[in-house]
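Coordinates in review
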Amino acid sequence: MQGLIFDIKEFALNDGGGIRSTVFFKGCPLRCVWCHNPEGLSPKRELYVKQKGCLHCGLCRKPCTHSDCQGLGRCLHICPKNLVSVAGEEWESGALAEKLLRQTDIYRETGGGVTLSGGEPLLQWQFAAELLDRLHGKVHTAIETSGYAEAEAFRAVIDRCDFVYMDLKLMDCEMHKTYTGVGNDRILQNAEYLKACGTPHTFRTPLIPNITDTEENLAAIRAFVGDDSWEQLPYNTLAPAKYASVGREYRYSLPETKKS
């Protein structure tokens, strides 16, 4: 089975214990206004043009005959500063597992492993499950997920993981829909399963000023989480920089600091 991946970060230190390889799945059903991986939102291959350093020479816009450039409107190979690329590469599960397992000695020495991230891995849940089956028993596996998926998809992947990081962004359903594009009923149902299934896990909340970091929202999440592990993640100030590279507009702005 094939899946679409937009990045593989080796020697990652922030996506679980030890040194890890983090696999970023293309496509996400949410549209969080603060998303810091805009290149992971679309479930399809898309052009990625780094803006910083662009000479505006126009060479990449000239027609070319490279097969991998067709339909993108740009040449991927002619940029003198190598700023033009594609977000999204198809991988067969066996080939991807083989690549990831090359680092097995490092994983074992450091207590690391492989983490599935995104985008949203559950959007390609069958591919994720097949990949996890190929990694099972050979390396520690983890997933970073919004939890937004049908119960069948959620459980099929979660039950194959050694550890789960799951977001709880907003407890109010209407606010969740306003700021992420979807309600949270499905997420909370899957979170209840995660709490009961026995798989080691940590819930995560990104602290977005004036949205998720309010006392009311954090108190509601704390009540839901109970004694389970819960991390609060700082707002990523570098998020806006990547949006222009995939032709998107960043919709969130930090509130102005009041002057004393």
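For the structure itself, look to the data block above.
Summary of the structure given here. In this text, all values refer to a predicted model and were calculated from it rather than measured experimentally. (Residues numbered from 1 in each chain as written. Predicted model: local features only at pLDDT ≥ 70, side-chain atom pairs only at ≥ 80, totals over all residues. Heavy atoms only, no water.)

What follows is about the overall build of the chain. Secondary structure assignment for the chain yields seven helices and ten strands. Along the longest, intermediate and shortest principal axes, the C-alpha atoms of the chain span 55 × 55 × 35 Å. In the chain, which comprises 260 residues, the proportion classed as buried is 49%. Considering only contacts within the chain whose residues lie at least 6 apart along the sequence, 68% involve residues at least 24 apart. Surface exposure of the chain reaches about 13,600 Å², of which carbon and sulfur atoms provide 49%. Once the 30 positive and 33 negative side-chain charges of the chain are each reduced to a mean point, those two points are 8 Å apart. (Helix = DSSP H or I, 4+ residues; strand = E, 2+ residues; numbered from the N terminus. Buried < 20%, exposed > 50% of the residue type's maximum accessible area, 1.4 Å probe, protein only. Contact = heavy atoms within 4.5 Å. Areas by Shrake-Rupley, 256 points an atom, 1.4 Å probe, with all protein chains shown as cover. Lys, Arg positive; Asp, Glu negative; His and termini not counted. Charge placed at Lys NZ, Arg CZ, Asp CG, Glu CD.)

Turning to helix 1 (residues 93–101), a few remarks are in order. The set of residues buried in helix 1 consists of Ser-93, Gly-94, Leu-96, Ala-97 and Leu-100. Seen from one end, helix 1 has its buried residues packed into an arc of 165°, which puts them on one side. Looking at the packing, one finds that the buried side of helix 1 touches strand 1 (2–12), strand 2 (20–25), strand 5 (89–92), helix 2 (104–110), strand 6 (113–118) and helix 3 (125–135). You can read the cap of helix 1 off the contacts: a side-chain oxygen lies 2.8 Å from the backbone nitrogen of Gly-94, and it is on Glu-92. (Arc of directions from axis to C-beta. Polar contact = N/O pair within 3.5 Å; in protein donor to acceptor, adjacent residues only side chain to side chain.)

The next point concerns the environment of Cys-35. Of note, Cys-35 is situated in the loop between strand 2 and strand 3 (46–49). Cys-35 sits 201 residues away from Asn-236 along the chain, and the two C-alpha atoms are 8.9 Å apart.

Looking now at the sheet that holds strand 7 (residues 140–145). Pairing in this open sheet of eight strands is mixed, and the strands run 5-1-2-6-7-8-9-10 from one edge to the other. The open sheet has two edge strands with one neighbour each: strand 5 and strand 10 (230–233). Sheet twist, expressed as the average angle between the axes of neighbouring strands with direction ignored, equals 30°. Taken together, the four bridges between strand 8 (residues 163–167) and strand 9 (residues 201–206) define a ladder with parallel strand orientation. In the strand pairing of strand 9, Asp-167 is matched with Arg-204. Contacting strand 1, strand 2, strand 5 and strand 6, helix 1 crosses the sheet at an angle of about 90° to strand 5. (Pairing = 2+ DSSP bridges. Axes fitted to C-alpha atoms, helices over the stretch in contact; angles between N-to-C directions.)

Looking along a regular strand, one sees the side chains alternate between the two faces of the sheet. As paired strands, strand 1 and strand 5 are joined by four bridges and run antiparallel to one another. Looking at strand 5, one finds that Ile-5 is bridged to Glu-89. Pairing of strand 1 with strand 2 involves five bridges; the strand directions are antiparallel. Bridge pairing in strand 2 places Ala-12 opposite Arg-20.

For the rest of this paragraph, the subject is the packing of helix 3 against helix 4 (residues 151–158). The interhelical angle for the contact between helix 3 and helix 4, taken along N-to-C directions, is 15°, at an axis separation of 9 Å. One element, helix 3, and the other, helix 4, form an angle in the roughly parallel class. At the point where helix 3 passes helix 4, the crossing takes the left-handed sense. Between helix 3 and helix 4, the contacting residues are Trp-125, Ala-128, Ala-129 and Leu-132 on the first element and Glu-152, Ala-153, Ala-156 and Val-157 on the second. In terms of residue class, the contact of helix 3 with helix 4 is made up of seven nonpolar, no polar and one charged. (Parallel < 35°, antiparallel > 145°, perpendicular 65-115°, else oblique. Left-handed = near helix turned anticlockwise from the far one by under 90°. Nonpolar A, V, L, I, M, F, W, Y, C, P; charged D, E, K, R; others polar.)

On to the pairing of strand 6. Counting buried positions over the six residues of strand 6 gives six, a clear majority of the element. Bridge count for strand 2 against strand 6 is six bridges, and the pairing is parallel. Bridge pairing links Val-23 to Leu-116 in strand 6. One ladder, built from four bridges, connects strand 6 with strand 7; its direction is parallel. Opposite Val-114, over in strand 7, you have Thr-141 as the bridge partner. In this view, the connection linking strand 6 to its parallel neighbour strand 7 by way of helix 3 has right-handed handedness. (Right-handed = clockwise from strand over helix to strand, strands pointing away.)

On inspection of all chains with the given rule, the structure shows seven aromatic pairs. Taking the centre distance of 5.5 Å and the plane angle of 65° together, the rings of Tyr-235 and Tyr-252 count as edge-to-face. Here the residue Tyr-235 occupies a position in the segment after strand 10, and Tyr-252 occupies one in the segment after strand 10, the gap between them amounting to 17 residues. Grouping residues by exposure puts Tyr-235 and Tyr-252 together as buried. For the cation-ring pair, Lys-195 lies above Phe-224, with the distance from its terminal atom to the ring centre recorded as 5.6 Å. Directly above the ring of Tyr-165 sits Arg-204, whose terminal nitrogen or CZ lies 3.8 Å from the centroid. (Phe/Tyr/Trp six-rings, centres within 6.5 Å; stacked < 30°, edge-to-face > 60°. Lys NZ or Arg CZ within 6 Å of the ring centre and 35° of its normal.)

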